[in-house]
Amino acid sequence: MNDVIRTLQNHRSCRSYLPKAIEESELEQIIQSVQMAPNWINGQQVSVIAIKDTERKKRLAILCGNQKYVEEAPVFLIFCLDFYRTYLASQMENTPFVVSENIDTLLVGATDVGIALGTAVTAAESLGLGTVPIGGIRRHLNEVITELDLPPYVLPVSGLCVGHPAEDAGLKPRLPKEAVYHEETYQHNLKPALENYNTTYQAYLEERSSGRQSGTWTKAVASFYSKHYYDGIEEALKKQQLPHRK
Ligand SMILES: Cc1cc2nc3c(=O)[nH]c(=O)nc-3n(C[C@H](O)[C@H](O)[C@H](O)COP(=O)(O)O)c2cc1C
């Protein structure tokens, strides 16, 4: 196993940070790695906004749903899908700009953000730092857009806390490989693998919480997807001139 594979397979989210800044050179390396990630048509449809200001982190922690580690981490990175630069390119080249009319815009932007976010996680972890992505940044999107003074065509997709871990949450077990990996065509008979995972996951949860938490994976995700979780996404897409329902 090489160092990169070791880092990737050792991933675990960190939700508790020491009150200690990260080196500027470390942040620089993370951002340089992010910038070198593959991206759609080399359009580089991602921006990262680094938040270090204590008061701003505090406000964002609340907007993210009172996630205290957003405030606690020395740096909170916000990954935005960003078509503002390509909009400027269209202006400079005097061509039509139709991203608002193409739903694929959202897939392109979210994919670029996902790759950038994953790259940042691995880069940070390879430096011995801890991270946790924060999808809660979409909980109050309009307020976040105002807080960050975002131009049109830019939308926050995920945050990322980065800092020195105060504790090790340990590895979280994943679904069995047969539930996520297919050869040639999709294998539909997945329920036995999910039942298996329920047993593993429940044991993990009970052990990690010293018996305070229990429940299966299917119960957790079924409950999550039984309701709409973030309001205001449509409104934010509209405000940012990105594709949305009319
Ligand atoms: C896009 C994205 C958004 C996430 N948002 C949150 C979040 O808002 N709060 C949180 O505590 N964890 C968040 N997570 C972390 C996941 O819960 C975590 O990665 C998952 O449970 C697997 O655990 P592990 O990373 O420790 O292996 C997010 C992860 C991703 C990829």
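Everything numeric in this text was worked out from a predicted model, so none of it was measured.

1. So, the overall build of the chain
Okay, so step 1: Of regular secondary structure, the chain possesses eleven helices and four strands.
Okay, so step 2: Taking 246 residues into account, the globule formula puts the C-alpha radius of gyration at 18 Å, and the chain, at 20 Å, falls close to it.
Okay, so step 3: By principal-axis analysis of the C-alpha atoms, the chain measures approximately 60 × 45 × 40 Å.
Okay, so step 4: By residue count, 26% of the 246 residues in the chain fall in the buried class.
Okay, so step 5: Of the contacts made within the chain by residues no fewer than 6 positions apart, 77% connect residues no fewer than 24 positions apart.

2. Some words on the sheet that holds strand 4 (residues 154-163)
Whether parallel or antiparallel, the strands of a sheet pair through hydrogen bonds between backbone atoms.
Okay, so step 1: Here four strands make up an open sheet; going across it, the order is 1-2-4-3 and the pairing antiparallel. Each of the sheet's edge strands pairs with one partner strand only, and the pair in question is strand 1 (46-51) and strand 3 (130-134). Neighbour to neighbour, the strand axes of the sheet diverge by 25 degrees on average, direction disregarded.
Okay, so step 2: In terms of strand pairing, strand 3 meets strand 4 through five bridges, oriented antiparallel. Bridge pairing in strand 4 links Ile 134 to Gly 159.

3. Description of the nonpolar core
Okay, so step 1: Grouped together as the largest cluster of nonpolar side chains are 45 residues, with contacts concentrated most on Val 70, Phe 79, Cys 80, Ala 120 and Cys 161.
Okay, so step 2: Among the secondary structure elements, those contributing two or more residues to this core are helix 2 (24-35), helix 3 (54-63), helix 4 (68-72), strand 2 (75-82), helix 6 (104-126), strand 3, helix 7 (141-148) and strand 4.
Okay, so step 3: Aside from chain neighbours lying at most four places away, what touches Ala 120 is Ile 30, Val 34, Leu 77 and Leu 160.

4. Quick notes on the domain arrangement of the chain
Okay, so step 1: With domains assigned, the chain is organised as domain 1 (3-169 + 230-239) and domain 2 (177-208).
Okay, so step 2: Relative placement of domain 1 and domain 2: their C-alpha centres are 29 Å apart.

5. Quick notes on the site of the ligand
Okay, so step 1: In the region of the ligand, the neighbouring residues are His 11, Arg 12, Ser 13, Arg 15, Gln 67, Val 132, Pro 133, Ile 134, Gly 135, Gly 136, Ser 158 and Lys 172.
Okay, so step 2: In terms of residues, the shell around the ligand owes the most to one element, strand 3, which gives three residues.
Okay, so step 3: Among the residues forming the shell around the ligand, the class breakdown is three nonpolar, six polar and three charged.

6. Thoughts on the pairing of strand 2
Okay, so step 1: With respect to burial, strand 2 is a largely interior element, eight of its eight residues being buried.
Okay, so step 2: Here strand 2 shows two buried faces, one formed by Val 75, Leu 77, Phe 79 and Leu 81 and the other by Phe 76, Ile 78, Cys 80 and Asp 82.
Okay, so step 3: As judged from the eight bridges shared by strand 2 and strand 4, these two strands associate in the antiparallel manner. Residue pairing for strand 4: Cys 80 is matched across the bridge by Pro 156.

7. Observations concerning the environment of Gly 170
Okay, so step 1: With respect to the helices and strands, the residue Gly 170 is situated in the loop between strand 4 and helix 8 (177-180).
Okay, so step 2: Given 10 C-beta atoms within a 10 Å radius, Gly 170 is considered exposed.
Okay, so step 3: When sequence neighbours within four positions are dropped, the list of residues in contact with Gly 170 reads Arg 12 and Arg 208.

8. Considerations on unusual backbone geometry
Okay, so step 1: One non-glycine residue, Gln 44, adopts positive backbone phi at about 55 degrees.
Okay, so step 2: The class for Gln 44 is partly exposed, based on 15 C-beta atoms found within 10 Å.
Okay, so step 3: Phi at Asn 94 takes a positive value of approximately 55 degrees, unusual for a residue other than glycine.
Okay, so step 4: For Asn 94, the location among the structural elements is in the loop between helix 5 (84-93) and helix 6.

9. Details of the environment of Gln 202
Okay, so step 1: Among the structural elements, Gln 202 can be located in helix 9 (residues 191-208).
Okay, so step 2: It is 37 Å that separates the C-alpha atoms of Gln 202 and Leu 27, two residues lying 175 residues apart in sequence.
Okay, so step 3: In this structure Gln 202 touches Ser 214, Gly 215 and Thr 216, once residues within four positions along its chain are discounted.

The rules behind these values
- Residues numbered from 1 in each chain as written.
- Predicted model: local features only at pLDDT ≥ 70, side-chain atom pairs only at ≥ 80, totals over all residues.
- Helix = DSSP H or I, 4+ residues; strand = E, 2+ residues; numbered from the N terminus.
- Rg over C-alpha atoms; globule rule 2.2 N^0.38 Å.
- Buried ≥ 20, exposed ≤ 12 C-beta atoms within 10 Å, placed from the backbone.
- Contact = placed C-beta atoms within 7 Å.
- Pairing = 2+ DSSP bridges.
- Axes fitted to C-alpha atoms, helices over the stretch in contact; angles between N-to-C directions.
- Core = buried A, V, L, I, M, F, W, Y, C linked by C-beta atoms within 7 Å.
- Domains from an automatic or database assignment.
- Near = placed C-beta within 6 Å.
- Nonpolar A, V, L, I, M, F, W, Y, C, P; charged D, E, K, R; others polar.

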